[in-house]
Amino acid sequence: MKDNSTTIKEMTVIGLMTAVICIAAPFSIPIPVSPVPLSLTNFVIFITVYILGLKGGALSVLIYLVLGTAGLPVFSAFGGGLGKVAGPTGGYLIGFLFLALIQGLFLKVFPKKNIAAILGMILGMAVCYAFGTAWLAWQMNQSFLASLGIGVIPYLPGDAVKIMIAAIVGPKLRSAVEKMKNAQH
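Definitions and limits used
- Residues numbered from 1 in each chain as written.
- Predicted model: local features only at pLDDT ≥ 70, side-chain atom pairs only at ≥ 80, totals over all residues.
- Heavy atoms only, no water.
- Helix = DSSP H or I, 4+ residues; strand = E, 2+ residues; numbered from the N terminus.
- Buried < 20%, exposed > 50% of the residue type's maximum accessible area, 1.4 Å probe, protein only.
- Disulfide = S-S within 2.5 Å.
- Phe/Tyr/Trp six-rings, centres within 6.5 Å; stacked < 30°, edge-to-face > 60°.
- Axes fitted to C-alpha atoms, helices over the stretch in contact; angles between N-to-C directions.
- Parallel < 35°, antiparallel > 145°, perpendicular 65-115°, else oblique.
- Left-handed = near helix turned anticlockwise from the far one by under 90°.
- Nonpolar A, V, L, I, M, F, W, Y, C, P; charged D, E, K, R; others polar.
- Core = buried A, V, L, I, M, F, W, Y, C linked by side-chain atoms within 4.5 Å.
- Pairing = 2+ DSSP bridges.

Peer 1: Describe in detail unusual backbone geometry, supporting the description with residues and values.
Peer 2: One non-glycine residue, Ala77, adopts positive backbone phi at about 60°. Inspection of the secondary structure puts Ala77 in the loop between α2 (41-69) and α3 (82-86). What makes Ala77 exposed here is its relative accessible area of 55%. Backbone geometry at Lys112 places phi at a positive 65°, although glycine is not the residue there. Looking at the secondary structure, you find Lys112 in the loop between α4 (90-109) and α5 (114-140).

Peer 1: Would you mind going over the state of the cysteines in detail, with residue names and values included?
Peer 2: Overall, the coordinates contain zero disulfides when judged by the stated rule. Sulfur of Cys22: no disulfide; nearest cysteine sulfur belongs to Cys128 and is 16 Å away. Take Cys22: its relative accessible area is 13%, and that puts it in the buried class. Its relative accessible area of 2% is what places Cys128 among the buried residues.

Peer 1: Mind laying out the packing of aromatic side chains, listing which residues take part and the relevant values?
Peer 2: Tallying each qualifying case throughout the model produces five aromatic pairs. Here Tyr64 and Phe75 contribute two aromatic rings whose centre-to-centre distance is 5.4 Å and whose plane-to-plane angle is 85°, an arrangement assigned as edge-to-face. Of this pair, Tyr64 sits in helix α2 while Phe75 sits in the loop between α2 and α3, and the two are eleven residues apart along the sequence. Phe75 carries the same exposure label as Tyr64, and that label is buried. Here Phe98 and Phe131 contribute two aromatic rings whose centre-to-centre distance is 4.6 Å and whose plane-to-plane angle is 15°, an arrangement assigned as stacked. Within this pair, whereas Phe98 is found in helix α4, its partner Phe131 is found in helix α5, the two being separated by 33 residues in sequence. Using a relative accessible area of 36% as the deciding quantity, one classes Phe131 as partly exposed.

Peer 1: Describe the packing of α4 against α5, and please don't skip the residues or the numbers.
Peer 2: In contact at an axis separation of 7 Å, α4 and α5 are set at 160° when each is read in the N-to-C sense. Considering the angle they form, α4 stands roughly antiparallel to α5. For α4 against α5, the interelement crossing comes out right-handed. Its residues placed into classes, the contact of α4 with α5 shows 19 nonpolar, eight polar and no charged.

Peer 1: I'd love a proper account of the nonpolar core, names of residues and values included.
Peer 2: Soluble, globular proteins show a tendency: their nonpolar side chains are buried together. Membership of the largest hydrophobic core comes to 43 residues, with the highest contact counts inside it found for Ile45, Tyr64 and Phe96. Looking at this core, the elements that each hand over two or more residues are α1 (8-24), α2, α4, α5 and α7 (156-182).

Peer 1: Explain the packing of α1 against α2 to me, using residue names and the numbers behind them.
Peer 2: Two elements in contact, α1 and α2, have axes separated by 8 Å at closest approach and are oriented at 70°. Judged on the interaxial angle alone, α2 and α1 are roughly perpendicular. Crossing angle aside, the handedness with which α1 passes α2 is right-handed. Looking at the contact of α1 with α2, its residues break down into 17 nonpolar, four polar and no charged.

Peer 1: Outline the pairing of strand β1 (residues 28-31), listing residues and values.
Peer 2: Sheet analysis places β1 next to strand β2 (residues 34-39), joined by three bridges and oriented antiparallel. The residue of β2 that forms the bridge with Ile31 is Ser34. A loop of two residues connects β1 with β2, the two strands running antiparallel in sequence.

Have a look at this one:
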């Protein structure tokens, strides 16, 4: 009989996916028109939530944020510390947690419904963008619209591709991990 507590296998996969986020997120490409770099962080979060679901995915992202805030160089451009969270991209970092929660909720409420999963990723990104853009506007002392132009618009095509790839790969990875978790030794 399995209780509702997190099992050792689940904790292992949460730790593994947190490590994947921490390894992938620092690799970023600066964009001349924006303090917000191109990165794969949101893509790795999409995959993480597919694999771990609502609770595990959100926990993995929260651990990533705590590690980065504590000073480990896991944020874009190998940054870390409270200064990075308080800087121009801090709203996007906090928004990643909402991305994980929203996508995870859609996956939980509509299991095996890929359209709903895609909608969850889109809505999650919209909330992440809202937090990030509001914070960026405040940090740079400019309008929300101006911040939208440098903090969101340039990233939309790439994020659409990331969502499409995650929608294809995510369910397959989730299925493989479920088989691994259910395997008896």
